[in-house]
Amino acid sequence: MNYSRYLRQKYGETAYRVSIDGGFSCPNRGVDRNLPGCSYCSSFGSRSAYIGETEQDVREQIERNLKVLKSRYDARIFMLYFQAYSSTWAPVRQLKKLYDDSLALGRFRELIVSTRPDCLSDATCRLLASYRRDDFDVWVELGLQSAHEQTLKRINRGHDRDQFEEAFSRLRNHGLKIAVHLIFGLPGEDHGMMMETVRYVASLKPEGIKFHNLHIPSDTAMFRELEAGEMAIPSSAGHVRYLADAIERIPPDTVVMRLTTDTPRQRHIVPGAMLDKTIIYNRLREELLRRGTKQGVFF
Ligand code: SF4
């Protein structure tokens, strides 16, 4: 199920994400963001690592984004989205204050947080679940990227598949909606490995899934690997096929929330040609039509 269609069905009109940087860091990067982190993780695009120091900034971001969405799109339905770094990596009391203060700044219909498996204690899941209402969903976007241990090690994810599975179960036990993030084209992975990851994630029946094609910003360890000739230049050529194959293998009702990676042009280095989202969407639709297939046929 396509994400915009899902939202239109749910709200009767287009719903918009108010995406913000809550000032978090990530255990894989450390409090000061000076640890290596995932090998494709860029150091750009975020501000303070300290949640407590950014409340004013968060307010400004929310107010500015709401204003832009209202004036540009006449938007009326909003979802608050903590996007940058690991948006649950803070003590629960601080998280609660940040989420409470932020949600109070608009009439939001959903809270969405993006995070990693090792930032989801039971107390954190309980806090997130406390925001759920019949008319208010809470989504957690959970990074996995690959289900293969050797890949997780190679890209320095800093967690393994068991940790992902534990976090997934905890979220589910708390009734939270889960969107899993995957990357196609990681070093050392072929089509078969990528589809194994897809099948594994599909077996968990997540409510949502985000597919990304590998981008390598210039300030990353992976870019240095590339320069040293230790990995091949990722190609976007096979991405539509990967997407079509993956969509056939996931549950029919899982919401497909993303098909490509969005890296700001100034940070984006490899692959050189950016995939245009609309072109990918259209090519995927054509490919599914050509195959006479649809989401979930091989689930
Ligand atoms: S989990 Fe995200 S923020 Fe943390 S190191 Fe990996 S890519 Fe960077």
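Residues numbered from 1 in each chain as written. Predicted model: local features only at pLDDT ≥ 70, side-chain atom pairs only at ≥ 80, totals over all residues.

1. Topic: the overall build of the protein chain
Counted only if it meets this: Here a strand is any run of E in DSSP of at least two residues, a helix any run of H or I of at least four, and the numbering for each starts at the N terminus. This radius of gyration counts C-alpha atoms alone. The globule rule is 2.2 Å times how many residues there are, raised to the power 0.38. Remark: C-beta atoms are placed from the backbone, and a residue is labelled buried if 20 or more other C-beta atoms sit within 10 Å of its own, exposed if 12 or fewer do, or partly exposed between those counts.
Helices and strands together make up the secondary structure of the protein chain, namely ten helices and nine strands. Against the compact-globule benchmark of 19 Å for 299 residues, the protein chain has a radius of gyration of 19 Å, which places it among compact chains. For the protein chain, the spread of C-alpha atoms along the principal axes amounts to about 45 × 45 × 40 Å. For the protein chain, with 299 residues in total, the buried portion stands at 37%.

2. A word on the site of the ligand
Put simply, the rule is: In this text, near has one meaning. A residue is near a molecule or strand if its C-beta atom, placed using the backbone, is within 6 Å of it. Just so you know the grouping, Ala, Val, Leu, Ile, Met, Phe, Trp, Tyr, Cys and Pro go in nonpolar, Asp, Glu, Lys and Arg go in charged, and all remaining residues, Gly too, go in polar.
Around the ligand, the neighbouring residues are Cys26, Asn28, Arg29, Gly37, Cys38, Cys41, Tyr85, Ser86, Arg116 and Gly143. Residue composition of the shell around the ligand, by class: four nonpolar, four polar and two charged.

3. Some remarks on the confidence of the model for the protein chain
To keep it simple, the criterion reads: You can read pLDDT as the predictor saying how much it trusts each residue, on a scale of 0 to 100. Distance between backbone-placed C-beta atoms decides contact: two residues are in contact if it is within 7 Å.
Counting all residues, the mean pLDDT for the protein chain is 91, and 92% of those residues have values of 70 or more. Every residue in residues 45–55 is under pLDDT 50, and counting partners more than four places away or in other chains gives 29 contacts.

4. Here's the deal with the environment of glutamate 225
The residue glutamate 225 is located in helix α8 (residues 221–227) in this model. Sequence-wise, glutamate 225 and serine 39 are 186 residues apart; in three dimensions their C-alpha atoms are separated by 9.0 Å. Those residues in contact with glutamate 225 that sit more than four places away from it in its chain are Ser39, Glu230 and Met231.

5. Things to note about unusual backbone geometry
In this model, arginine 33 sits at a positive phi of 55°, which is unusual for a non-glycine residue. You will see that glutamine 145, though not glycine, has its phi angle at about 75°, which is positive. With respect to the secondary-structure elements, glutamine 145 resides in strand β4 (residues 137–145).

6. Brief notes about the packing of helix α7 (residues 191–203) against helix α9 (residues 239–249)
Working note: a packed helix pair is described by the angle between its axes plus the distance between those axes. For clarity, the cut-off: As a rule, the C-alpha atoms of each element are fitted with a line to give its axis, helices using only the stretch in contact, and angles between N-to-C directions run from 0 to 180 degrees. Small angles under 35 degrees read as roughly parallel and large ones over 145 as roughly antiparallel, with 65 to 115 read as roughly perpendicular and the rest as oblique. In this scheme the handedness of a crossing depends on how the near helix is turned from the far one: anticlockwise by less than a right angle means left-handed, clockwise means right-handed.
Between α7 and α9, the shortest axis-to-axis distance is 9 Å and the interhelical angle comes to 30°. Put simply, α7 runs roughly parallel to α9. Regarding α7 and α9, the two cross each other, and that crossing is right-handed. Here His191, Met194, Met195, Val198, Arg199 and Ala202 of α7 come into contact with α9, specifically with Tyr242, Asp245, Ala246 and Arg249. When the residues that make up the contact of α7 with α9 are grouped by side-chain class, the tally is six nonpolar, one polar and three charged.

7. Digging into the sheet that holds β4
What counts is decided by this rule: Any two strands between which DSSP finds at least two bridges are classified as paired.
Spatially, β1-β2-β3-β4-β5-β6-β8 is the arrangement adopted by the seven strands of the open sheet, whose pairing is parallel. If you trace the sheet from one side to the other, it starts and ends with β1 (15–20) and β8 (255–258), each paired once. With strand direction ignored, the average angle separating the axes of adjacent strands in the sheet is 25°. Two strands pair when backbone bridges link them, and strand β5 (residues 177–184) and strand β6 (residues 208–213) are joined in this way by six bridges, in the parallel orientation. In the sheet register, leucine 182 faces β6, and the bridge partner there is phenylalanine 211.

8. Remarks on helix α4 (residues 122–130)
What counts, and what does not: The arc in question is the one spanned by the directions pointing from the helix axis to the C-beta atoms.
Of the positions making up α4, those classed as buried are Thr124, Cys125 and Leu128. Seen end-on, α4 carries its buried residues on one side only, within an arc spanning 100°. Exposed and facing more than 90 degrees away from the buried side of α4 are Asp122, Ala123, Arg126 and Ser130. Tucked into the core, α4 has its buried residues touching α3 (92–103), β3 (108–115), β4 and α6 (161–173).

9. Section: the pairing of β5
Put simply, the test is: Viewed with both strands pointing away, a crossover whose connecting path from the first strand over the helix to the second turns clockwise is right-handed.
With six bridges joining them, β4 and β5 adopt parallel strand pairing. Note that in β5 the partner of leucine 142 across the bridge is valine 180. With respect to chirality, the unit in which β5 leads through α7 into the neighbouring parallel β6 is right-handed.

10. Some points on the environment of glutamate 60
Among the secondary structure elements, glutamate 60 is positioned in helix α2 (residues 55–73). Classification of glutamate 60 as exposed rests on a count of 12 C-beta atoms within 10 Å.

11. Points about α3
For the record, the criterion: How far a helix is expected to stretch is found by multiplying one less than its residue total by 1.5 Å.
Compared with an ideal rise of 1.5 Å per residue, which puts twelve residues at 16 Å, α3 spans 16 Å between its outermost C-alpha atoms and is within 8% of the ideal. Every buried residue of α3 is accounted for by Leu95, Leu98, Tyr99 and Ser102. All buried residues of α3 lie within an arc of 95° about the axis, which places them on one face of the element. Turned more than 90 degrees from where α3 packs its buried face, Arg93 and Asp100 sit exposed.

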